[in-house]
Amino acid sequence: NAGVTQTPKFRILKIGQSMTLQCAQDMNHNYMYWYRQDPGMGLKLIYYSVGAGITDKGEVPNGYNVSRSTTEDFPLRLELAAPSQTSVYFCASSRQILGDGYTFGSGTRLTVV
Amino acid sequence: AQSVAQPEDQVNVAEGNPLTVKCTYSVSGNPYLFWYVQYPNRGLQFLLKYITGDNLVKGSYGFEAEFNKSQTSFHLKKPSALVSDSALYFCAVRGDNYGQNFVFGPGTRLSVLP
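From a predicted model like this one, the values you see are computed outputs, not experimental measurements. (Residues numbered from 1 in each chain as written. Chains lettered and ligands numbered in written order. Predicted model: local features only at pLDDT ≥ 70, side-chain atom pairs only at ≥ 80, totals over all residues. Heavy atoms only, no water.)

(A) Here's a closer look at the overall build of chain B. For chain B, the count of helices and strands is zero helices and twelve strands. Ordering the α and β elements of chain B from the N terminus gives β-β-β-β-β-β-β-β-β-β-β-β. If you line up chain B on its principal axes, its C-alpha atoms span 45 × 30 × 20 Å. Per-residue burial over chain B gives 47% buried out of 114 residues. Pairs at least 24 residues apart make up 57% of the contacts formed inside chain B by residues separated by at least 6 positions. Summed over all atoms, the accessible surface of chain B reaches about 5300 Å², with 49% contributed by carbon and sulfur. (Helix = DSSP H or I, 4+ residues; strand = E, 2+ residues; numbered from the N terminus. Buried < 20%, exposed > 50% of the residue type's maximum accessible area, 1.4 Å probe, protein only. Contact = heavy atoms within 4.5 Å. Areas by Shrake-Rupley, 256 points an atom, 1.4 Å probe, with all protein chains shown as cover.)

Written out as structure tokens, the structure reads:
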């Protein structure tokens, strides 16, 4: 029972490079989310999706893009990486039930130098 | 707008003593309240939730939380702390209207001293 799988676990990028953070879930959850976690700041929502083909911006979407072509996958794209994007990124998923919590992946630690 | 406050960045408690991690919230509609725990280099794990019903909810690892509507609080408690409880704790809230995502607090680091 894999849950939410994120790859890679660690990555170092140079300024201006691009990369895709992968996220996959095997629970048939409709809702998926991308958060970034910065020390003392909690989790900030970057993008979310309520189903395949539907995505929407969260609190801090600038510098990121997402797509949701299947129920299982929700990749996060960083274009032109900047030092401000150094963070830990978490993907999460949930059912379409208000009383349900999120299932989180183990995170990707990204450093932009 | 939804918001969550965790007024303490750090809570230190001796092993065997009771612990409390505080959370207050603001939300439109009825609140759905959650506590998550994060161990080093791991994702967040669900601890417990309040949706409706009894104001005292019990969760994993002996933790419990009390919902107080008048004080808009949802404090996390445990009668006897363990060193293994040392971690980062997040409170999260969402309103009972569709379209509202969870808002997370900034986190409280709990250190249980042997």
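From this point, the narrative continues.
(B) Examining unusual backbone geometry more closely. Along the chain, Thr-7 of chain A connects to Pro-8 of chain A via a cis peptide bond; the corresponding omega equals -5°. Phi is positive for Thr-72 of chain B, which is not a glycine, with a value near 45°. The residue Thr-72 of chain B is located in the loop between β8 (64-68) and β9 (73-78) in this model.

(C) Local environment of the side chain of His-75 of chain B. Residues and elements named next belong to chain B. Summarising the element assignment, His-75 is placed in strand β9. Here Cys-23 takes part through its backbone nitrogen, which lies 3.0 Å from a polar atom of the side chain of His-75. If we skip the residues at most four places from it in the chain, His-75 touches Thr-20, Val-21, Lys-22, Cys-23, Thr-24, Trp-35, Glu-64, Ala-65 and Glu-66. (Polar contact = N/O pair within 3.5 Å; in protein donor to acceptor, adjacent residues only side chain to side chain.)

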